[in-house]
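Read off the chains here:
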Amino acid sequence: MAYIKFDWTREEIHEIYHQPMLDLIYRAATVHRAHHDPQEVQVCTLLSVKTGGCPEDCAYCPQAARYHTDVKVHKLLSVDEVIQAAQNAKEAGSTRFCMGAAWREVRDNRDFDKVLQMVKGVNALDMEVCCTLGMLSDEQAQKLKEAGLYAYNHNLDTSEEHYEEIISTRTYDDRLDTLEHVRNNKLRVCSGGIIGLGETVQDRVDMIHTLATLPEHPESVPVNALVPVEGTPLEDQPLVPVWDMIRMIATARITMPTAMVRLSAGRVRMSFEEQALCFMAGANSIFAGDKLLTTPNPEEDQDKQLFQTLNIRPRAAFKDGDKPGVEFQVTPEAAKEMGI
Ligand code: SAM
Ligand code: DTB
Ligand code: SF4
């Protein structure tokens, strides 16, 4: 296994990001092949379990109550509805199910108890369960872990410097604290960001620097292109060029070689050729299903065709670890031999 570096400097990451495009893709593809099967892509499904009405002011987000968008507020879904959606996602080929809530933070109330039930139910379907519920305390992370959660998503979104231009209702340190609570409780960390928020290239480099110099790299790094939504302060942002997505993906791949790099929001605008370049540059995970949380995503048929065209196989669940809640797994034969 090749050496994994945690002491990246901003200058090193800057240099990687600015390499000639084809050198960058070649280097990222080489790192990718040393750590992952390039024919394998993880397929995740997102479900918004509580939509809209969020008190935060994230300038990109259609679910913030203070902006006037077309998103309809919906209270927390029932446990049954969520488990049915997870079952459907599994039948459509997803191995990870991620539940998102438009909350600033988790509160210790009946809704959180319901989410814990959802986690238990989805874990029982043998899917990797992920949640993205906003800020989280150490105790709440522990409860989620005990319920069978596999990973927690909490994005840095942008650099520390640019952060206050985008969000004023919480700090960068709040985000990092949540990541620490997630890590302390042995949950897998999913953390990345969005490009196209009006940030500079240095802000992109700085965000990757923060992620790549954490004590442990996140197991997943989602790279989102802003989906500009009418009614949000960023509605008129120019669309992110695919080349910028490729540079971000490749830089994440080179600096965090073992992470799953997820080609996230923005895929709906990309051709097969553009998505193929993202996979070549080291992306190995996508969100499937015709909706992300509130905005469109490619149709199931399109993705089937994409996988067929590129000869890509979906990655199996729990490839990098045991299913949560199971102390250890042995075959019946081995158990007999061990006398248990
Ligand atoms: N409320 C929780 C939080 O903010 O952590 C969880 C849900 S929030 C919608 C999850 C992530 O979605 C955000 O951190 C952001 O990275 C991404 N996101 C939201 N709106 C987006 C948009 N318009 N374009 C791209 N990504 C977006
Ligand atoms: C992530 O990085 N991207 C996903 C997931 N993690 C939660 C969310 C994208 C949301 C795009 C806007 C929407 O559909 O509301
Ligand atoms: Fe709320 Fe999350 Fe949207 Fe921010 S990104 S407004 S916290 S739902």
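### Some thoughts on unusual backbone geometry
For D157, which is not glycine, the phi torsion reads 70 degrees and is therefore positive. By the secondary structure assignment, D157 is in the loop between strand 4 (151–153) and helix 6 (160–166).

### Examining the site of ligand 2
Close to ligand 2 lie L46, P62, T132, N153, N155, P222, N224, F287, L292, L293, T294 and T295. Interatomic distance of 2.9 Å between a side-chain N/O atom of N155 and an oxygen atom of ligand 2. At a separation of 2.8 Å, an oxygen atom of ligand 2 approaches a polar side-chain atom of N224. Protein chains shield 88% of the accessible area of ligand 2, which is 410 Å² for the free molecule. Looking at the shell around ligand 2 residue by residue, the class counts come to 6 nonpolar, 6 polar and no charged.

### What about the site of ligand 3?
Around ligand 3, the neighbouring residues are C54, E56, C58, Y60, C61, A64, A102, W103 and R170. Given that more than half its atoms are within 2 Å of the pocket grid, ligand 3 belongs to the largest cavity. Considering only residue class, the shell around ligand 3 consists of 7 nonpolar, no polar and 2 charged.

What counts as what
- Residues numbered from 1 in each chain as written.
- Chains lettered and ligands numbered in written order.
- Predicted model: local features only at pLDDT ≥ 70, side-chain atom pairs only at ≥ 80, totals over all residues.
- Heavy atoms only, no water.
- Helix = DSSP H or I, 4+ residues; strand = E, 2+ residues; numbered from the N terminus.
- Near = heavy atom within 4 Å.
- Polar contact = N/O pair within 3.5 Å; in protein donor to acceptor, adjacent residues only side chain to side chain.
- Areas by Shrake-Rupley, 256 points an atom, 1.4 Å probe, with all protein chains shown as cover.
- Nonpolar A, V, L, I, M, F, W, Y, C, P; charged D, E, K, R; others polar.
- 1 Å grid on protein atoms, 1.4 Å probe; cavity = no way out; pocket = protein on both sides within 12 Å on 5 of 7 lines; lining within 4 Å.
- Sits in = over half its atoms within 2 Å of the grid points.

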